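Structural overview for review
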Amino acid sequence: MTMQFDLRQLGRQKGGSLRDEHVDRSFQPSEFEASIGQDEEYKVAAPVHLVMDVHKDGEAYRVTGRVTTRLQLECGRCLDPFEIAVDNPFELRYVPEPAAAAEGEEREVSEDDLTTAYYKEDSLDLGELMHEQFVLALPMKPLCSERCKGLCVHCGTNFNKETCACAPSWTDPRLAVLEGLKTKLIKKET
Ligand SMILES: [Zn+2]
Ligand SMILES: [Zn+2]
């Protein structure tokens with residue numbers, strides 16, 4: 001199963017004039033397993049719905065649409081999995097991939113680059129498109145809840161679910177100094 005959109009099918013209908021192509025596709029989470037790296041920060045947790053219009057504009061293609069799904073993330077504090085809803089509208093401009101020779105050259109980075117993507121071999125990589133939208137939807141700090149209490153640094157107990165018998169992790173720094181002196185004295189005596 002490939003996640004490519006063949007640009008050559010654009011305008012096949014009705015000969016002559018190129019009409020916008022309306023795309024409406026669904027992908028199962030399993031279809032992303034191969035394309036998403038093991039160390040990706042998210043898992044696709046529900047079918048992905050992609051709707052978009054592809055408009056040919058000379059050499060370029062303007063693509064506007066929306067991607068919706070649910071992603072599973074790991075909480076940064078308690079490490080439990082949790083889900084977020086994704087409903088991302090996007091507007092992208094696809095231009096032909098620059099020739100290999102030009103790749104090493106410095107390119108001026110304009111604001112526009114955020115929404116510029118490349119196509120090659122007459123197809124749009126929908127897998128990449130959706131991956132980029134997912135990454136944009138990820139929170140800066142993934143938390144299962146703003147009030148997540150995290151884990152005990154000593155025994156790993158999840159404080160959202162239970163408590164543990166470990167001492168509070170904060171000790172008075174002045175006490176710590178005394179503790180240090182005490183152990184030194186004990187060492188001298190022995
Ligand atoms: Zn959490
Ligand atoms: Zn503990």
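Residues numbered from 1 in each chain as written. Chains lettered and ligands numbered in written order. Predicted model: local features only at pLDDT ≥ 70, side-chain atom pairs only at ≥ 80, totals over all residues. Heavy atoms only, no water.

**Quick look at the pairing of strand S4 (residues 48–57)**
- Sheet topology places strand S2 (residues 21–27) next to S4; seven bridges connect them, and they run antiparallel. By the bridge assignment, Arg25 is partnered in S4 with Leu50.
- In sequence, S4 turns back onto strand S5 (residues 60–74) through a hairpin of two residues, with Gly58 there showing a positive phi of about 65°. (Pairing = 2+ DSSP bridges. Helix = DSSP H or I, 4+ residues; strand = E, 2+ residues; numbered from the N terminus.)

**With respect to the coordination of the zinc ion (ligand 1)**
- Of the protein atoms, only Cys75 (SG), Cys78 (SG), Cys144 (SG) and Cys148 (SG) coordinate the zinc ion (ligand 1), at distances of 2.3 to 2.4 Å.
- Geometry at the zinc ion (ligand 1) is tetrahedral, judged from the four donor atoms that bind it and their angles of 107 to 113° at the metal.
- Along the chain, the residues donating to the zinc ion (ligand 1) are arranged with the sequence spacing C-x2-C-x65-C-x3-C. Here Cys75 and Cys78 have matching classes, each one buried. (Donors = N, O, S within 2.8 Å, 3.2 Å for Na, K, Ca; no water. Tetrahedral: all angles 85-135°; square planar, octahedral: opposite > 155°, others 65-115°. Buried < 20%, exposed > 50% of the residue type's maximum accessible area, 1.4 Å probe, protein only.)

**Some thoughts on the confidence of the model for the protein chain**
- On average, residues of the protein chain score 83 in pLDDT, and 77% of them are at 70 or above.
- By mean pLDDT, helix H3 (residues 173–189) is the weakest element of the protein chain at 70, and S5 is the strongest at 96. (pLDDT = per-residue confidence, 0-100.)

**Some words on the coordination of the zinc ion (ligand 2)**
- Binding of the zinc ion (ligand 2) to the protein goes through Cys152 (SG), Cys155 (SG), Cys164 (SG) and Cys166 (SG), at separations of 2.3 Å.
- Each of the four donor atoms around the zinc ion (ligand 2) contributes to a set of angles spanning 107 to 111°, which defines the coordination as tetrahedral.
- On the primary sequence, the residues serving as donors to the zinc ion (ligand 2) are separated as C-x2-C-x8-C-x1-C.

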